[in-house]
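# Analysis of the macromolecular model
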Amino acid sequence: MLRRSLLSALLAVALGAAAGLEAEEGPAPGPVRVIGSNASGCIAGAVQLPAQGPGFQEIRISRSTFWGHPRTVADIELLAREAKEAGLPDLYINDIAAPRGGPIASHAGHQLGLEADIWLDVTPKPVLSPAERDALEPPSVVAPDGRSVDPAIWRPEHATLLRLAAQLPDVDRIFVHPAIKRELCDTAGGDRRWLRLIRPWYGHASHFHIRFRCPAEQPECMGATAPVPPGDGCDATLQWWFDQLGRPAAPAAPPPPPPAACLAIWAAPER
Ligand SMILES: [Zn+2]
C-alpha cells in the first residue's frame, strides 16, 4: 500500500502540474453518489472492504482496489458468511473499484463500485499474509480446449459458490466462462431459477464477476442497457459461445468519456 501511495502521490503531482488539479487518493467525501455506467463512471462516498473478514481474504492487495458502494461491500460480506456456513473455505476477493471509481488497470468495467471479482478457488486455505496473497495466481477451472470444466479441478463447491452468489440480493448478473455455465446447466437439477443471472462471457475461467444493480436511490447511475433475458440460459445462446471458440473476440468499443460530474469528484479534496 505504501508503494501505491507513493506512486499515486507522484502521479498527483504530475497531473496537478499538467492540469492545475491535484488527484486525490482516498474516497470522495459526502453522501454516496454513483454516476455513469460500469464502463465510464465514478463514485463518491465509497467504503472499503476490509483486507479479510469472516469467510474471505482479499488477494493481490497491492495491485487491486477494494472500494465500493456500501451495499456492494455488505453483499460481498454476506456471500462470504453464507459460503462459510455452507462449508466452503475462505473466498478470495479481488478488484471492486478504485476509491473514487473510474478506470482501473486490466478492467473495462469496475468503475462504479457495483462490481466485484471473486476467485473460483474452493480449496481449503490458511490466512495468508498480504505479501503472500499478492503472489497468488489461482488456476483456471476450465479445460484447455475451452469446451468443459477441468474435471481435475472443478468441484461441486464451485457450483454451490455460484448459486449463493446468484441468489444474493441486488445482483444484476454474473459473468463466467461459457464452459462453467454449461457445467452448471448440466448439473443444476430441479431448481434452475438462479441460473438465469449466470451469464457466459469471455475470460472468467479462474474468477467470476458480479455486477450489482444500480441502487434505487442513485438516479445518476446508468444500469445495463439490456436486461437479462428470461429462462435459464441453457439454450442455443449458450451454444453460440462454443461456436466462437478459436475465433478472435470482436474488439471492444472505446469507453465513452466520463460524465462531467466525475471530474469534480476525482478532484474533490479528502475530508
Ligand atoms: Zn470483473
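The structure this text deals with has already been given above.
Owing to the predicted nature of the structure, the values given are computational and were not obtained by experimental measurement. (Residues numbered from 1 in each chain as written. Predicted model: local features only at pLDDT ≥ 70, side-chain atom pairs only at ≥ 80, totals over all residues. Heavy atoms only, no water.)

### Structural notes on the coordination of the zinc ion
Around the zinc ion, the protein supplies His110 (NE2), Asp117 (OD) and His209 (ND1) as donor atoms, at distances of 2.0 to 2.2 Å. Read from N- to C-terminus, the donor residues coordinating the zinc ion fall into the pattern H-x6-D-x91-H. Note that His110 is positioned in the loop between strand S7 (91-93) and strand S8 (115-119) and His209 in strand S11 (residues 207-212), a separation of 99 residues in sequence. An identical accessibility class is assigned to His110 and His209; each is buried. (Donors = N, O, S within 2.8 Å, 3.2 Å for Na, K, Ca; no water. Helix = DSSP H or I, 4+ residues; strand = E, 2+ residues; numbered from the N terminus. Buried < 20%, exposed > 50% of the residue type's maximum accessible area, 1.4 Å probe, protein only.)

### A closer look at the state of the cysteines
Going through the model one piece at a time under the given rule, you end up with three disulfides. The partner cysteine of Cys185 in its disulfide is Cys234, sulfur to sulfur 2.0 Å. Across the disulfide from Cys185 to Cys234, rotation about the S-S bond amounts to roughly -85 degrees, and the bridge is consequently left-handed. Taken together, the residues Cys185 in helix H5 (residues 178-187) and Cys234 in the loop between S11 and helix H6 (236-243) connect sequence positions 49 residues apart. Looking at Cys185, the relative accessible area reads 9%, which means it is buried. On the accessibility criterion, Cys234 (27% relative accessible area) is partly exposed. Cysteine pairing for the protein (bonded cysteines numbered in sequence order): 1-6, 2-5, 3-4. (Disulfide = S-S within 2.5 Å.)

### Section: the nonpolar core
Ranked by internal contacts, the top residues of the largest apolar core, which has 46 residues, are Leu162, Ile174, Ile180, Phe208 and Ile210. At the level of secondary structure, the elements contributing two or more residues to this core comprise helix H2 (70-85), S7, S8, helix H4 (156-166), strand S9 (171-176), H5, S11 and H6. With six residues, H4 is the largest single contributor of residues to this core. When sequence neighbours within four positions are dropped, the list of residues in contact with Ile180 reads Leu120, Val141, Val142, Val149, Trp154, Leu162, His204 and Ala205. Of all hydrophobic cores here, the second largest spans seven residues; its members include Val34, Trp67, Leu112 and Cys221. (Core = buried A, V, L, I, M, F, W, Y, C linked by side-chain atoms within 4.5 Å. Contact = heavy atoms within 4.5 Å.)

### Observations concerning H5
Looking at H5, one finds that the buried residues are Pro178, Ala179, Ile180, Lys181, Leu184 and Cys185. With its phi angle positive at about 80 degrees, Gly189 sits one or two positions after the end of H5.

### What to know about the side chain of His207
Note that His207 resides in strand S11. Taking the relative accessible area as the measure of exposure, His207 reaches 16% and is therefore buried. Ignoring anything within four residues of it in the chain, the contact list for His207 reads Asp117, Ile118, Trp119 and Leu120.

### Describing the pattern of salt bridges
Scanning the model with the defined rule gives 10 salt bridges in all. The partner of Arg71 in a salt bridge is Asp170, and the shortest N-O contact between them spans 3.7 Å. Of the two residues, Arg71 is situated in helix H2 and Asp170 in the loop between H4 and S9; the sequence distance between them amounts to 99 residues. There is no split in this pair, since Arg71 and Asp170 are both buried. (Salt bridge = Lys/Arg side-chain N within 4 Å of Asp/Glu carboxyl O.)

### Here's the deal with H6
Each full turn of the α-helix corresponds to 3.6 residues, which orients residues three or four apart in the same direction. Those residues of H6 lying buried are Leu238, Trp241 and Phe242. Burial along H6 is one-sided: seen end-on, the buried residues are contained in an arc of 100 degrees. Of the exposed residues in H6, the ones pointing more than 90 degrees away from its buried face are Ala236 and Thr237. Of the surrounding secondary structure, the elements contacted by the buried residues of H6 are H5 and strand S10 (198-200). (Arc of directions from axis to C-beta.)

### Side note on the pairing of S8
Counting buried positions over the five residues of S8 gives five, a clear majority of the element. Of the two faces of S8, both are covered, the one formed by Glu115, Asp117 and Trp119 as well as the one formed by Ala116 and Ile118. Taken together, the five bridges between S8 and S11 define a ladder with antiparallel strand orientation. Directly across from Glu115, in S11, lies its bridge partner Arg211. (Pairing = 2+ DSSP bridges.)

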